[in-house]
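Examination of the molecular architecture
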Amino acid sequence: MDASFWLVWTGQLSRIILLAVGLLGLARYRQLPSGLRYLVGLVWFGLTIEVCAKVLHDWKGSNLLLAPIDAAGELWLLSLVYAWALDSATFSRLRPWLFGAFVLYAGFTVALAPEFTRFKTGVMVLESLGMMLLAGLYFRKLLNELQVPRLSQAPMFWVSTGLLLYALGKFLIALFSNYMLAHYSLQLSLVMWTIHAMLIVVLYLGYGRALWMRPQR
């Protein structure tokens with residue numbers, strides 16, 4: 001089986017898991033705390049982007065323009081999730097400025113350079129760094145407070161683990177994305193996007209695990 005098979009297979013798997021996690025979030029919405037409700041909103045935002053990308057693909061159009069929109073919405077919603085998880089007055093004060101600035105930057109990159117044939121590398125790199133920052137702040141809180149007797153019973157542990165793995169992979173892909181376009185290699189492109197699809201599977205499995213659990217006090 002060649003690389004194209006694995007790309008199609010992992011892509012389909014990631015969409016199925018995304019839909020399943022979205023439905024799980026709706027089913028458990030009333031039982032979830034406010035922070036995890038934002039996570040449900042994030043999952044459905046991802047589903048909306050995925051549907052739009054599929055429509056553009058079927059119409060033979062470029063879906064690269066969706067990447068900055070996806071990055072801005074995803075990071076903003078994640079900042080709301082982590083504002084709840086961190087419960088930090090300092091973070092709550094800085095969050096609108098830091099992540100609002102990123103949303104504005106993503107919007108400007110689309111408005112000032114609306115080409116459909118290149119990745120917005122700056123947006124992807126900053127999004128990945130923002131994700132790593134959020135996950136890192138949560139793990140730092142765990143180490144400082146040590147109030148979780150079993151990490152496996154902490155929903156945000158699973159969110160942060162999946163997010164950190166995804167962000168690290170996306171960061172590396174972002175750095176080489178336009179290089180891949182300029183020096184196109186079909187085999188390399190298939191491998192890279194297969195890895196990306198697998199990272200998405202890991203991310204949404206982490207989200208699904210968090211939404212499935214009963215949050216511990």
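Higher on the page you've got the structure.
What you see is a predicted model, and the numbers here were worked out from it, not measured in a lab. (Residues numbered from 1 in each chain as written. Predicted model: local features only at pLDDT ≥ 70, side-chain atom pairs only at ≥ 80, totals over all residues. Heavy atoms only, no water.)

Section: the packing of aromatic side chains
Scanning the entire structure with this criterion turns up 5 aromatic pairs. A ring pair is formed by F139 and F157, whose centres lie 6.2 Å apart and whose planes are at 80°; its orientation type is edge-to-face. Note that F139 is positioned in helix 5 (residues 121-145) and F157 in helix 6 (residues 155-182), a separation of 18 residues in sequence. Clustering of aromatic rings is evident, with ring pairs tying together Y138, F139, F157 and W158. The positively charged end of R95 is found above the aromatic ring belonging to W76, 4.7 Å away from the centroid. (Phe/Tyr/Trp six-rings, centres within 6.5 Å; stacked < 30°, edge-to-face > 60°. Helix = DSSP H or I, 4+ residues; strand = E, 2+ residues; numbered from the N terminus. Lys NZ or Arg CZ within 6 Å of the ring centre and 35° of its normal.)

What to know about the side chain of D70
Structurally, D70 can be placed in helix 3 (residues 66-86). One buried charged residue, D70, forms no salt bridge at all, with the nearest opposite charge on K170 at 4.7 Å. Sequence-distant contacts of D70, that is, excluding residues within four places in its chain, are made with F45 and I49. (Buried < 20%, exposed > 50% of the residue type's maximum accessible area, 1.4 Å probe, protein only. Lys, Arg positive; Asp, Glu negative; His and termini not counted. Salt bridge = Lys/Arg side-chain N within 4 Å of Asp/Glu carboxyl O. Contact = heavy atoms within 4.5 Å.)

A few points about the packing of helix 3 against helix 5
Contact pair helix 3 / helix 5: the axes reach a minimum separation of 10 Å and the direction vectors enclose 10°. Comparing their axes, helix 5 and helix 3 come out roughly parallel. For the pair helix 3 and helix 5, the contacting residues are P68, A71, E74, L75, L78, S79, Y82, A85 and L86 in the first and V123, L126, E127, G130, M131, L134, A135, L137, Y138 and K141 in the second. Each residue belonging to the contact of helix 3 with helix 5 can be placed in one class, and the counts come to 14 nonpolar, 2 polar and 3 charged. (Axes fitted to C-alpha atoms, helices over the stretch in contact; angles between N-to-C directions. Parallel < 35°, antiparallel > 145°, perpendicular 65-115°, else oblique. Nonpolar A, V, L, I, M, F, W, Y, C, P; charged D, E, K, R; others polar.)

Some details on unusual backbone geometry
Phi angles above zero are rare outside glycine, and D87 is one such case at about 50°. For D87, the position within the fold is in the loop between helix 3 and helix 4 (89-112).

Concerning helix 4
In this model, helix 4 (24 residues) spans 35 Å end to end at C-alpha, consistent with the 34 Å of a helix rising 1.5 Å per residue. The largest bend in helix 4 comes to about 40°, at R95, with the proline P96 one to four residues further on. Elements that come into contact with the buried residues of helix 4 comprise helix 3 and helix 5. With a side-chain oxygen lying 3.4 Å from the backbone nitrogen of T90, the N-terminal cap of helix 4 falls on S88. (Expected span 1.5 Å × (residues − 1). Bend = angle between axes of the 7 residues up to and from the residue. Polar contact = N/O pair within 3.5 Å; in protein donor to acceptor, adjacent residues only side chain to side chain.)

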